[in-house]
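What follows is each chain in one-letter form.
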Amino acid sequence: MNTKISQSVKDFQRDAKKYVINMLRGSSRTLHIKNGCYWGERIHEYVDFDSLEEAESCSIKYKKCKSCFKE
């Protein structure tokens, strides 16, 4: 599990997997579904996952984005 850095929205869209946690310093760690909300389309520093189960089992403390995960 490595933090990835995208140089542009295009890079993020090409490289990121379906689930992403924002890892930018000073921000709250938020789990997004890629393209699930405005912020889930353009994350600069992130850790990504193929499945929700994989994200939930990681050691990063995060909150789920309320827009991406409507319950």
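Please refer to the structure placed before this passage.
On a predicted model such as this, the values are computed, not experimentally measured, just so you know. Throughout this description, residue numbers start from 1 for each chain and increase along the sequence as written. At least 70 in pLDDT is required for a residue's local features to be given in this predicted model, at least 80 for side-chain atom pairs to be given and counted, and no such filter applies to totals for whole chains, interfaces and linings, which use all residues. Working from all heavy atoms in the structure, the side-chain values ignore hydrogens and water.

A. Representation of unusual backbone geometry within the structure. Positioned with a positive phi, N35 is a non-glycine residue whose angle comes to about 70°. Counting from the N terminus, the helices are DSSP H or I runs at least four residues long and the strands are E runs at least two residues long. Within the element layout of this structure, N35 appears in the loop between β3 (30–33) and β4 (45–49).

B. Summary view of the side chain of H32. By the secondary structure assignment, H32 is in strand β3. Exposed residues in this analysis have more than 50% of their type's maximum accessible area, buried residues have under 20%, and partly exposed residues fall in between, with area computed by a 1.4 Å probe over protein chains only. Residue H32 is classed as buried on the basis of its relative accessible area of 6%. Dropping the residues within four chain positions of it, H32 is found in contact with K18, Y19, V20, C37, W39, G40, I43, C65, C68 and F69. In what follows, residue pairs with any heavy atoms lying within 4.5 Å of each other are defined as contacts.

C. Seen up close, the layout of surface pockets. Considered as a void within the structure, the largest pocket measures approximately 160 Å³ in volume. Polar here means any residue outside two lists: the nonpolar Ala, Val, Leu, Ile, Met, Phe, Trp, Tyr, Cys and Pro, and the charged Asp, Glu, Lys and Arg; Gly therefore counts as polar. Residue composition of the lining of the largest pocket, by class: three nonpolar, five polar and one charged. For each structure, a 1 Å grid was placed over the protein atoms alone; sets of points admitting a 1.4 Å probe that cannot get out are labelled cavities, open sets with protein on both sides within 12 Å along at least five of seven lines are labelled pockets, and lining residues have an atom within 4 Å of a point. Grid points are joined across faces, edges and corners, and a volume is the space filled by probe spheres set on the points.

D. Examining the sheet that holds β3 more closely. Being paired, for any two strands, means DSSP has found at least two bridges between them. Spatial ordering of the open sheet is given by β1-β4-β2-β3-β5, a layout of five strands whose pairing is mixed. With partners counted over all chains shown, the strands left at the sheet margins are β1 (4–5) and β5 (63–64), one partner each. In the sheet, β3 pairs with β5 via two bridges, with the strands oriented parallel. Looking across to β5, one finds that T30 is bridged to K63.

E. Spatial organisation of the pairing of β4. Counting buried positions along β4 yields four of five residues, so the element is predominantly enclosed. Bridge analysis of β1 against β4 gives two bridges, and the strand direction is antiparallel. For K4, the partnering residue across the bridge sits in β4 and is Y46.

F. Fine view of the nonpolar core. Counting residues in hydrophobic clusters, the biggest one holds 15 residues, and the most contacted among them are Y19, I21, L31, F49, I60, C68 and F69. Elements with a contribution of two residues or more to this core: β2 (19–22), β3, β4 and α2 (52–56). With residues near it in sequence (within four places) discarded, I21 still touches R29, T30, L31, E45, Y46, V47, F49, C58, I60 and Y62. Judged by nonpolar contacts, the second largest core, of five residues, contains F12, A16, I43 and Y46. We call a set of buried Ala, Val, Leu, Ile, Met, Phe, Trp, Tyr and Cys residues a nonpolar core when their side-chain atoms join them within 4.5 Å.

G. Local environment of the packing of aromatic side chains. Geometry of aromatic contacts follows a simple scheme: Phe, Tyr and Trp rings, the Trp one being its six-membered ring, pair when their centres are within 6.5 Å, and the pair is stacked under 30 degrees between planes, edge-to-face over 60, tilted otherwise. What the rule picks out here adds up to three aromatic pairs. Ring geometry for Y19 and F69: centres 6.5 Å apart, planes at 20°, overall stacked. You can see Y19 sitting in strand β2 and its partner F69 sitting in the segment after β5, a full 50 residues away along the chain. Using a relative accessible area of 11% as the deciding quantity, one classes Y19 as buried. Centre to centre, the rings of Y38 and W39 are 4.8 Å apart; their planes meet at 85°, and the pair counts as edge-to-face. In this scheme, Lys NZ or Arg CZ marks a charge over a ring once it lies within 6 Å of the ring centre and within 35 degrees of the ring normal. It is K64 that lies over the ring of F69; its NZ or CZ is 5.2 Å from the centre.

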